[in-house]
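Okay, here's what each chain looks like letter by letter:
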Amino acid sequence: MSIENDERTIRCLVAKVGLDGHDRGAHVISRAFRDAGFEVIYSGLHKAPDDIVQAAVQEDIDVLGISILSGAHDTLVPKIMDGLEEYGAKEETLVLVGGVIPEEDRDELEAAGAAAIFGPGTSIEETIDFVRKTVSDGRI
Amino acid sequence: MFDEQELAAISQQRESWEAETLDPSLERGERKERFATVSNHEVDRLYTPEDIADLEFDEDLGFPGEPPYTRGPYPTMYRGRTWTMRQFAGFGTAEETNERFHYLIDEGQTGLSTAFDMPSLMGIDSDHPMSEGEVGKEGVAVDTLRDMEILFDGIDIGDVSTSFTINPSAAVIYAMYIALADQQGVPRDEVRGTLQNDMLKEFIAQKEWVIPPEPSLEIVTDTIEFAVEETPKFHPVSISGYHIREAGSTAAQEAAFTLADGFAYVEDCLERGLDVDEFGPLLSFFFNSHNSIFEEVAKFRASRRVYARLMEEWYGADEPESKRMKFHTQTAGQSLTAQQPLNNIVRVTIQALAGVFGGTQSLHTNSFDEALALPSEKAVRVALRTQQIIAEESGAADIVDPMGGSFAVEKLTNEMEAEIMDYLEEIKAMGDGSVRDGVLDGIDQGYYHREIQGASYEYQQRVERGEEVVVGVNEYTIEEDTSPELLHVDETTRDRQLERLAQVKADRDDAAVDATLKALSDAIERDENVMPYIVDAVKAYATMGEIMQVFEDHHGAYREEISPV
């Protein structure tokens, strides 16, 4: 999915995976992405990794933002990555992880294919800039 | 409270102060154009008796321990005894949490508070596919009565008051605790504690659910009815604004939506024919305490006042105990920063002080490392010590309602009350005169979602624009390596939990389990109170998931239909 022109609308799936119901961050980032001109789909709560993969593939998204605060990221995020890979969608999806991710777990998530991890206190602007820059660099 | 002549004189004096003293000083400007609380409620520069000219001492304030309880639910407040220091604990398996319970009791904690893991909260077992990665992570895993037995090993539940932070599956946990009391030989009417069990706020904010709102509400009412008869010292529901605030609401929304939920339970109980003066005393509340200290104090005081007034005016409560609002407070988890985590100790102290000035009955202080992971033992100790320092060293606990009579706080309390009443009237109107129907309708229509998301997004934008300073995040930042000593949940937790669950299933009498589950199903069919049947099921070692499945089979699973965008 190389970048054809700068006008293309960036398509994002904001996802909540696992049983975690803390969705304030997911809602805030969804609205912020929309206000930034992105097209945003929200997964809804309590989704299994496979539900997220199916939605990502069917909706042909550019950016997958996974919001997770339950501490289950080390199990669930790699499962999503594996699923994306199975569908050949891993390379063309920019995966961002937001939430409470301890420093020591970050390398593992990045190794699994997360492009960036945005912890508590990250500004919306920083996240949007990251997405825009990565997309315009043609990295997805 | 002030005579007219005196007020007129004060008014005149203020005007001349403004002209002669203030205005020249204002030429140099103030720090900001507009000063507001965390909830974006604008505050004035100065408050005078003019701001509270309408305040009636008897009706609006009165004395502590008397309606409307603005100044506190008890006459001596913390001079009698301090609030309950109830730190929330739970992680891993029952053994690990039991160890933490013993540690906290040894450190001087006076009440226990149990955190459950996500599968337990959602009413599924540790061996469910959706439980993968979540077992023992955010709290303790409880699948069967066996886990509960281990959780309280060496703890006489007749001696301790225990709070359970659980909702969709709260009735099952309550049943397990009763079964444990029966086992330990503690009479049911001596069992003390609190079950969170507030399903309405789950649909509004916390988002843990199994079945739809209306049947969920019915189970809550069953637990209240059961508590009145069987465990009169146990609070079957803690009506909770904490999560509403954490989801991003304002202070007024938190108080108003919580009160509305409380009144919905009251109306449901009344409809069932229960006596408000019988169940009223068992209701308790749970609030958040955020950074804007005066706004928070106003919120606590106004909530008590509104509750006392409306319990009497709307629901005919007669007994003081039915009008007296008692609440637990937790400092605002979402206010904590991952950046410069030690700063959180200061935030928590301010928030805890607001809770104490506001007259809370029990308090949980958050640990400074909570924006990073589950709290470590050291961080939990500092959090508990914070409460002890406030109680023992600061003098904050020595005066009843020390903020009472402050022109600013009384004015903010009045404004908070007005804002709460506007919301309550709006919700009542949505239900054509019934708060219960209004709350259910508001959930269905996405009313709460819109209100809370709006406030939350607006706050985030103020932070982004720098209008809200978050120390260490958008101001006073430093380069740092944030790697405090964190608590790690042992990766073998799930394996150990699955092993125990399998063992319990192997040891129990399956025919007896099936019989109790069938009896529960029949009780639901007959619209009977489900509590006695759940107690029987847990005693037969039916699992949490098996019991909740019976409800799902009858009522279907709930799915949220709201899109955030």
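Note that the coordinates shown come from a computational prediction; the quantities given were computed from them, not determined experimentally.

The rules behind the values
- Residues numbered from 1 in each chain as written.
- Chains lettered and ligands numbered in written order.
- Predicted model: local features only at pLDDT ≥ 70, side-chain atom pairs only at ≥ 80, totals over all residues.
- Heavy atoms only, no water.
- Helix = DSSP H or I, 4+ residues; strand = E, 2+ residues; numbered from the N terminus.
- Rg over C-alpha atoms; globule rule 2.2 N^0.38 Å.
- Contact = heavy atoms within 4.5 Å.
- Areas by Shrake-Rupley, 256 points an atom, 1.4 Å probe, with all protein chains shown as cover.
- Lys, Arg positive; Asp, Glu negative; His and termini not counted.
- Charge placed at Lys NZ, Arg CZ, Asp CG, Glu CD.
- Salt bridge = Lys/Arg side-chain N within 4 Å of Asp/Glu carboxyl O.
- Buried < 20%, exposed > 50% of the residue type's maximum accessible area, 1.4 Å probe, protein only.
- Pairing = 2+ DSSP bridges.
- Right-handed = clockwise from strand over helix to strand, strands pointing away.
- UniProt positions renumbered as here; feature names shortened; annotations may be inferred.
- Expected span 1.5 Å × (residues − 1).

Trainee: How would you explain the overall build of chain A if you had to name every residue and give the values?
Mentor: Helices and strands together make up the secondary structure of chain A, namely 5 helices and 5 strands. When the helices and strands of chain A are listed from N to C terminus, the series reads β-α-β-α-β-α-β-α-β-α. Its C-alpha atoms give chain A a radius of gyration of 14 Å, within 12% of the compact-globule value 14 Å for 140 residues. Its C-alpha atoms give chain A principal-axis dimensions of roughly 40 × 35 × 25 Å. A separation of at least 24 residues holds for 72% of the contacts in chain A among residues at least 6 apart in sequence. On chain A, roughly 5800 Å² of surface is accessible, and the fraction owed to carbon and sulfur atoms is 42%. Within chain A, the 28 negative side-chain charges are centred at a point lying 5 Å from the centre of the 13 positive side-chain charges.

Trainee: Outline the pattern of salt bridges, listing residues and values.
Mentor: This model, assessed by the stated rule, comprises 49 salt bridges over all chains. As a salt-bridge pair, Asp 74 of chain A and Lys 137 of chain B come within 3.5 Å of each other at their nearest N and O atoms. With Asp 74 of chain A in helix α3 (residues 73-86) and Lys 137 of chain B in the loop between α4 (118-121) and α5 (145-151), this pair bridges two chains. Taking the relative accessible area as the measure of exposure, Lys 137 of chain B reaches 12% and is therefore buried. Asp 147 of chain B serves as the salt-bridge partner of Arg 500 of chain B, at 2.8 Å between the closest nitrogen and oxygen. Placement of Arg 500 of chain B in helix α19 (residues 493-507) and of Asp 147 of chain B in helix α5 is noted, with a sequence separation of 353 residues between them. Judged on exposure class, the residue Arg 500 of chain B and its partner Asp 147 of chain B are both buried. Salt bridges sharing partners connect three or more residues here, namely Arg 245, Glu 254, Glu 295, Glu 296 and Lys 299 of chain B.

Trainee: Could you give an account of the pairing of strand β1 (residues 11-16) of chain A, naming the residues involved and the relevant values?
Mentor: Looking down a regular strand, the side chains alternate between one sheet face and the other. All names here are of chain A. With 5 of 6 residues buried, β1 is to be regarded as a mostly interior element. Bridging between β1 and strand β2 (residues 39-42) involves 4 bridges; their strand directions are parallel. Within β2, the position partnered with Cys 12 by the bridge is Val 40. As for the winding sense of the linkage, the β-α-β connection from β1 through helix α1 (residues 24-35) to β2 is right-handed. Note: β1 against strand β3 (residues 63-68), 5 bridges, orientation parallel. Bridge pairing links Val 14 to Gly 65 in β3.

Trainee: Residue-level account of the sheet that holds strand β6 (residues 234-235) of chain B, with values.
Mentor: All names here are of chain B. Strand order in the open sheet formed by 5 strands is β2-β3-β4-β5-β6, with parallel pairing between adjacent strands. At either margin of the open sheet sits one strand with a lone partner, and together these are β2 (88-89) and β6. The pairing of strand β4 (residues 162-165) with strand β5 (residues 193-195) spans 3 bridges and is parallel. The residue of β5 that forms the bridge with Phe 164 is Leu 195.

Trainee: Before we move on, could you go through the UniProt feature "domain: B12-binding" (unreviewed entry) in chain A and cite the residues and values that matter?
Mentor: Residues given the UniProt feature "domain: B12-binding" (unreviewed entry) here are residues 9-138 of chain A. Across residues 9-138 of chain A, helical content stands at 45% and strand content at 19%; the span's end C-alpha atoms are separated by 14 Å.

Trainee: Tell me about α1 of chain A, and name the residues and values.
Mentor: The end-to-end C-alpha distance of α1 of chain A, which contains 12 residues, comes to 17 Å, matching closely the 16 Å that a straight helix rising 1.5 Å per residue would cover. Within the span of α1 of chain A, buried status applies to Ala 26, His 27, Val 28, Ile 29, Ser 30, Ala 32 and Phe 33 of chain A. The inward-facing, buried residues of α1 of chain A abut β1, β2, β3 and α5 (124-136) of chain A together with α18 (447-464) of chain B. Remark: Gly 37 of chain A follows α1 of chain A within two positions and exhibits a positive phi of approximately 95 degrees.

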